[in-house]
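# Descriptive analysis of the structure
The primary structure of each chain is shown beneath.
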Amino acid sequence: MTATTCLMTALRCRECGREYPARATYSCEYCFGPLEVVYDYERARRSMSAEAVGSRPQNLWRYRELLPLEGEPTDGLNSGFTPLVRADNLARELGVRELYLKDDSVNRPTLSYKDRVVPVALSRAKELGFDTVGCASTGNLANSVAAHAAIAGLRAVIFIPAGLELGKVLGTLAYGPTLVSVEGTYDQVNRLCTEITTKARWAFVNVNLRPYYTEGAKTCAFEIAEQLGWRAPHHVVLPVAGGTLLPKVWKGFQELHQLGLIPELPTKVYAAQPDGCSPVVNALKEGTDIIRPVREPRTIALSLAIGNPADGYYVLKAIQESQGDGETATDEEIVEAIKLLARTEGIFTETAGGVTIAALRKLIASGRIPVDETIVACVTGNGLKTTEPLSGRLGEPLTVEPSLASFEQRAGALLEGAGA
Ligand SMILES: *Cc1c(COP(=O)(O)O)cnc(C)c1O
Ligand SMILES: [Zn+2]
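Residues numbered from 1 in each chain as written. Chains lettered and ligands numbered in written order. Predicted model: local features only at pLDDT ≥ 70, side-chain atom pairs only at ≥ 80, totals over all residues. Heavy atoms only, no water.

### Quick word on the pattern of salt bridges
What counts here: In what follows, salt bridge is the name for a side-chain nitrogen of Lys or Arg lying within 4 Å of a carboxyl oxygen of Asp or Glu. Between buried and exposed lies partly exposed: a residue is buried under 20% and exposed over 50% of the maximum accessible area for its type, with that area taken using a 1.4 Å probe on protein chains only. By definition, any uninterrupted DSSP run of H or I lasting at least four residues is a helix, any uninterrupted run of E lasting at least two residues is a strand, and each is numbered from the N terminus.
The final tally for this structure, using the stated rule, is 33 salt bridges. Linking Lys168 and Glu165 is a salt bridge whose minimum nitrogen-to-oxygen distance equals 4.0 Å. On the accessibility criterion, Glu165 (4% relative accessible area) is buried. Across the pair Glu350 and Lys168 runs a salt bridge, and its minimum N-O distance is 2.9 Å. One end of the pair, Glu350, is in the loop between helix 13 (331-345) and helix 14 (351-365); the other, Lys168, is in helix 6 (residues 166-173), and 182 residues separate them in sequence. As far as the burial class goes, Glu350 and Lys168 line up, both buried. Look at the salt bridges and you will find they share partners, linking Arg14, Glu36, Glu215, Lys218, Lys248, Lys251 and Glu255 into a network.

Okay, structure coming up:
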């Protein structure tokens, strides 16, 4: 594709349908509905064949007809296209036939799903003439914005709530951004960032660049379909924080179906949230469209601790449209699920991944996800970043002095029957 094939035509209000030019705006002037990118699907249908996509570099831009850029991508050339792991060991434990893990715990460069959305936002920020980028983050977004801004040569000002895991804080500071720790919840951090956009011409990826940023999450669906041989799975389980990923994965599958790239769309999407912060799953269980914010999230899954999700309503809509469901996980269940995934598939995920696997397990055990269909669970972050809540909960190493005698004394049982 060349720079002249920009298929993004406008931004459109999701509620009233009014269209706007594709600038750094995110809500409708008339009804305050969120704006979403519109594409020329007729032209996309012509240039985006399975063969054409298959011949392109293995990064998130291989689906660029459906990504919101005017020119060439300038960032994220090593991001996306993460493994879709066939998880037979875990499938056996859970009693299902065909289970895959979309492993964004090894997305590059910062080991989370955020390495899909940030390159799209920063490439667009440069097109719109910004020199400073920022975000309100529960940790992984901070890591990703800091890293991609360093690569792109942009200034970064990043806002986090106080009390995040050390791995997330150091994994941001390492790249040299301005990091602002706010003594409050994520929702207060987000409100502060929204106010700052009225004072400074900064591109907050998940605030004023939100329409572009969120589109990057569709690549998760595009990759799953391509990696399954251009077919959509029956069930996809996804963690929900601000509500970007889940509705955009649903939209991604819908777009592929509309373009004829997948023959059928049998997919149901499922939300996974931690018990102590589950505003969307609560609404689902209560059968209401009104999401009651959780004022004080209480969970070890800090990356999902968003009490008032910006796109929670659209998470509900995607679940309803696809006839999916939702489930929550306690701190105990999160830790057990982290251990289960590591023990069966060799993947060490962060607390958010524990929420997803715990929810998957409960959805299967209760019969809401049937055992004989294709299931995908999205593992969105890496366990090395959230070690604090695991400390003391995984056992202790065997400690010995550096001598055979000491080893025999303390670990003699291991040697019995081990014959040399
Ligand atoms: C950000 C994040 C999510 C999902 O967040 P959304 O705002 O709902 O898109 C899931 N898992 C991890 C590890 C994250 O960092
Ligand atoms: Zn509107």
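### Brief notes about the domain arrangement of the chain
The following threshold applies: Domain delimitation follows an automatic or database domain assignment. Contacts are assigned to residue pairs that have any heavy atoms within 4.5 Å of one another. By buried area we mean how much accessible surface two parts lose on assembly, using a 1.4 Å probe and totalling the loss over both. In the analysis that follows, any N or O atom pair within 3.5 Å is treated as a polar contact, provided that within protein one partner can donate a hydrogen and the other can accept it, and provided that, for residues neighboring in sequence, both atoms belong to side chains.
With domains assigned, the chain is organised as domain 1 (1-64), domain 2 (84-110 + 217-390) and domain 3 (114-210). If you average the C-alpha positions of domain 2 and of domain 3, the two centres end up 24 Å apart. Domain 2 puts 28 residues into the contact, and the matching count from domain 3 is 21 residues. Of the roughly 1900 Å² buried at the junction of domain 2 and domain 3 (both faces included), carbon and sulfur atoms supply 46%. Its largest share of buried area at the contact with domain 3, domain 2 owes to Thr110, Leu302 and Lys385, together 30% of the area lost on that side. Run the count over domain 2 and domain 3 and you get four salt bridges. Counting every contact that joins domain 2 to domain 3 gives 14 residue pairs in polar contact (both at pLDDT 80 or more). The biggest single contributor to the side of domain 2 that touches domain 3 is helix 9 (residues 218-227), with three residues.

### Structural notes on the nonpolar core
Formally: Here, nonpolar core refers to any group of buried Ala, Val, Leu, Ile, Met, Phe, Trp, Tyr and Cys residues whose side-chain atoms link them within 4.5 Å.
Counting residues in hydrophobic clusters, the biggest one holds 78 residues, and the most contacted among them are Val133 and Leu246. Here this core gets six residues from one element, more than from any other, and that element is helix 10 (residues 245-258). Apart from the residues within four sequence positions on either side, Val133 is in contact with Leu122, Ala125, Val145, Ala149, Leu154, Arg155, Ala156, Val157 and Ala203.

### Regarding the site of ligand 1
Basically, it comes down to this: Note on terminology: near, applied to a residue and a molecule or strand, indicates that one of the residue's heavy atoms is within 4 Å of it. Note that accessible areas follow from Shrake-Rupley with a 1.4 Å probe, and for residues the cover is restricted to the protein chains shown. For this classification, Asp, Glu, Lys and Arg are treated as charged, while Ala, Val, Leu, Ile, Met, Phe, Trp, Tyr, Cys and Pro are nonpolar and the rest, including Gly, are polar.
As a structural note, the neighbourhood of ligand 1 is formed by 15 residues, with Tyr113, Lys114, Ala241, Gly242 and Thr380 the closest of them. One of the side-chain N or O atoms of Lys114 is found 2.7 Å from an oxygen atom in ligand 1. One of the backbone nitrogen or oxygen atoms of Thr244 is found 3.3 Å away from an oxygen atom of ligand 1. In isolation ligand 1 has 390 Å² of accessible area, and contact with the protein removes 97% of it. Considering only residue class, the shell around ligand 1 consists of seven nonpolar, six polar and two charged.

### With respect to unusual backbone geometry
A cis geometry characterises the amide bond from Arg108 onward to Pro109, with omega recorded as 0°. Of note, Pro109 is situated in the loop between strand 5 (98-103) and helix 4 (114-127). Residues other than glycine seldom take positive phi values, yet Phe32 does so here, at roughly 65°. Note that Phe32 resides in the loop between strand 2 (19-20) and strand 3 (35-39). Residue class for Phe32 comes out exposed when judged on its relative accessible area of 66%. Non-glycine residue Leu111 carries a positive phi angle of around 65°. Inspection of the secondary structure puts Leu111 in the loop between strand 5 and helix 4. On the basis of relative accessibility, which here comes to 30%, the residue Leu111 falls in the partly exposed class.

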